[in-house]
Amino acid sequence: MKVQEFDPAVVGCGASALLDALEVQRAAFNADMVPTAAVRRERLGRLQAMVADNEPAILDAINADFGGRARQEMVLTELFVVLSAIRQQRRKLGRWMRPRRVATPLHMLPGSSQIMPQPLGVIGNIVPWNYPCQLALVPAAAALAAGNRVMIKPSELTPAFSRLLAQLAAKYFAPAELAVIEGGVEVSRDFAALPFDHLIFTGSTTVGRQVAVAAAHNLTPVTLELGGKSPAIIDESCDLAESAPRLAFGKLFNAGQTCVAPDYALVPRARVEEFVREVSAAAAAMYPQFAGNEQYTSIISERHHARLQQLVQDAEQQGARVVRLGGTGAGAAGERRMAPVLLLDVTPEMAVMREEIFGPLLPVVPYDTLQQAIAFINQRERPLALYWFGRERRNCTKVLHSTISGGVTINDALWHAAQENLPFGGVGASGTGAYHGEHGFLAFSKQKPIYRQARLNGFGLFRPPYGRVFDTLADFLKRHM
Ligand code: NAD
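Quick look at the structure, then. Not measured: the values here are computed from a predicted model.

Here's the deal with the side chain of Asn254
When you line up the elements, Asn254 lands in the loop between helix H9 (240-252) and strand E9 (264-268). Taking the relative accessible area as the measure of exposure, Asn254 reaches 0% and is therefore buried. Engagement of the side chain of Asn254 in a polar contact is seen with the side chain of Arg69, the distance being 2.9 Å. Within polar-contact distance, the side chain of Asn254 engages the backbone oxygen of Asn130 at 3.2 Å. Not counting chain neighbours up to four residues away, the residues in contact with Asn254 comprise Phe66, Arg69, Glu73, Asn130, Tyr131 and Thr297.

This is the structure:
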């Protein structure tokens, strides 16, 4: 199959067509294994233009897929974050791609050592629905900056955006540079089984496990950007009037459909009622009403909407106290904007405390001592994010030292994920590897170590036949080097 004959916008692409698409990219990569900085910048320039020239179409498509998504949130997370990441990669790649000298130990002198970043080849990127543009293109920008080819599989739950992305990719890129593969879960499955040089998957922990297994068959290295239950700790020293709006923002942004959204709150027992009051007031201040409010995002699908309602019902049936922050207005028929719900008196057995919520529900877990709150977190899988709100630095340090999470924001929510110089990624069940900024460039590069031997050197002393000189040398090295 020739490069130009491959149609990246094939719906329901079969396994052999996928393999052909990969072969096209691999052949092109092999023909130019280390693209110059200028070539990479030009590709990133096209990626930037692809987004900047089509902003309204991108927002419309995502809005349609969600059945209503806050425009301002999209501008921030699907345009600004993407464009800023592309610009950063473009600006910095010249420096990042330069081989770096490293110190050579005395006994290996006068040889010299360096690390040469090298593109890996073809990078696969499997994308979830919740930030469809950002999660398709931020990894793609890092992969292109590092000199790779990229294949993207967007989510079947964002069909309008996936279609648009496939069309735009075909317009701005040769299929050998960047290709978008549309299709359902079966296509994603075939995609994950391709022998990529690196595969980045963003999605749920359950599917992440399956992707890791599929990639293992090819020994394809993976970056797994997964989810989980991210706690927010309200410290005793917390000023709730200041913190509740920040926490509510983190929870209700994209209606809670954010991988790093605070999943549940750990609150000092004596302050639970104050917490409920402050969070309710903060939510009401941001969203005077939820139904029909275009600044409040809808739940992505009927199935997810029903799943969230079911979580509330299950908790209520098992004795949870339900505080609905919905105000009065009922939504139009078929509207999937879901008013937030606080859940009190929850137990670990409730589904809402067992699975990632990924919606506007906030269980409140009271604690008596900080040690108890830390133990609650450590009894569960390692979270993707952790939030701590308070003034008492010693307590903050204690939490930082006693918990392991993908990332942390102190006295706010979500924002560490937006700081592009920080590595973004989970740990344990919330993920493997990291990207963003230089960490993305590194994730999609082979850091090739090179030792250059000097013409005149003492290494002949290490060659057989071994005798007294070798023994003396080895003894000296053992003791002193
Ligand atoms: P998902 O795991 O259901 O699907 C993600 C992608 O995987 C989709 O494109 C889907 O087509 C594909 N897929 C489904 N089955 C597959 C299989 N067997 N093999 C290969 N691919 C398969 O996730 P979702 O519902 O789209 O997204 C929500 C989840 O993503 C949440 O758990 C959230 O926390 C997580 N997430 C994580 C991050 C992060 O950066 N860590 C970011 C956003 C979302």
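From this point on, the discussion continues.
Side note on the environment of Gly334
Turning to its location among the elements, Gly334 is positioned in the loop between strand E10 (321-324) and strand E11 (341-344). Separated by 69 residues in sequence, Gly334 and Thr403 have C-alpha atoms that sit 42 Å apart.

Details of the pattern of salt bridges
Side-chain pairs of opposite charge can arise whenever the charged atoms involved come near each other. Summed over the entire model, instances satisfying the criterion amount to 20 salt bridges. The salt bridge partner of Asp263 is Lys229, with a shortest N-O separation of 2.5 Å. Of the two residues, Asp263 is situated in the loop between H9 and E9 and Lys229 in the loop between strand E7 (222-225) and strand E8 (231-234); the sequence distance between them amounts to 34 residues. Note that Glu392 and Arg394 form a salt bridge whose closest N and O atoms lie 3.7 Å from each other. According to the relative accessible area criterion, Arg394 is exposed, its value standing at 66%.

Comments concerning the site of the ligand
If you check the shell around the ligand, you find 29 residues, and the closest are Val127, Glu156, Ser188, Ser204 and Glu356. In this structure, an oxygen atom belonging to the ligand sits 2.5 Å away from a side-chain N or O atom of Glu156. The backbone of Gly203 places a nitrogen or oxygen atom 3.4 Å from an oxygen atom of the ligand. When isolated, the ligand has an accessible area of 850 Å², and the protein chains bury 92% of it. The set of elements that each furnish at least two residues to the shell around the ligand consists of helix H7 (185-192), strand E6 (198-202) and helix H8 (205-217).

Details of the state of the cysteines
Tallied over the full model, the rule gives zero disulfides. Just so you know, Cys238 is unpaired, no disulfide at all, and the nearest cysteine sulfur is the one on Cys396, 12 Å from it. Cysteine Cys259 shares no disulfide, and the gap to the nearest cysteine sulfur, in Cys133, comes to 15 Å.

Details of the pairing of strand E14 (residues 407-410)
In E14, alternate side chains face the same way, and those of Gly407 and Thr409 are buried while those of Val408 and Ile410 on the opposite face are not. With four bridges connecting them, strand E13 (residues 385-389) and E14 associate as parallel partners. For Leu386, the partnering residue across the bridge sits in E14 and is Val408. Note that the unit made of E13, helix H13 (residues 393-402) and E14 has a crossover that is right-handed.

Let's talk about the packing of aromatic side chains
Summed over all chains, the structure comprises 15 aromatic pairs. Ring geometry for Phe66 and Trp129: centres 6.0 Å apart, planes at 65°, overall edge-to-face. Linking Phe66 in helix H3 (residues 55-66) with Trp129 in the loop between strand E3 (122-126) and helix H5 (132-145), this pair joins segments that are 63 residues apart in sequence. Considered together, Phe66 and Trp129 belong to a single accessibility category, that of buried residues. Ring centres of Tyr264 and Phe376 lie 5.6 Å apart, and the angle between their planes is 65°; on these two criteria the pair is classed as edge-to-face. Of the two residues, Tyr264 is situated in strand E9 and Phe376 in helix H12 (residues 370-378); the sequence distance between them amounts to 112 residues. Across this residue pair, the class does not change: Tyr264 and Phe376 are buried. One aromatic cluster is present, built from ring pairs that chain together Tyr451, Phe459, Phe462, Tyr466 and Phe470. In this structure, Arg69 packs its charged tip against the face of Phe66, placed 4.8 Å from the ring centre. The ring of Phe376 has Arg380 sitting right over it, with the charged end atom 3.7 Å from the ring centre.

What counts, and where the lines are drawn
Residues numbered from 1 in each chain as written. Predicted model: local features only at pLDDT ≥ 70, side-chain atom pairs only at ≥ 80, totals over all residues. Heavy atoms only, no water. Helix = DSSP H or I, 4+ residues; strand = E, 2+ residues; numbered from the N terminus. Buried < 20%, exposed > 50% of the residue type's maximum accessible area, 1.4 Å probe, protein only. Polar contact = N/O pair within 3.5 Å; in protein donor to acceptor, adjacent residues only side chain to side chain. Contact = heavy atoms within 4.5 Å. Salt bridge = Lys/Arg side-chain N within 4 Å of Asp/Glu carboxyl O. Near = heavy atom within 4 Å. Areas by Shrake-Rupley, 256 points an atom, 1.4 Å probe, with all protein chains shown as cover. Disulfide = S-S within 2.5 Å. Pairing = 2+ DSSP bridges. Right-handed = clockwise from strand over helix to strand, strands pointing away. Phe/Tyr/Trp six-rings, centres within 6.5 Å; stacked < 30°, edge-to-face > 60°. Lys NZ or Arg CZ within 6 Å of the ring centre and 35° of its normal.

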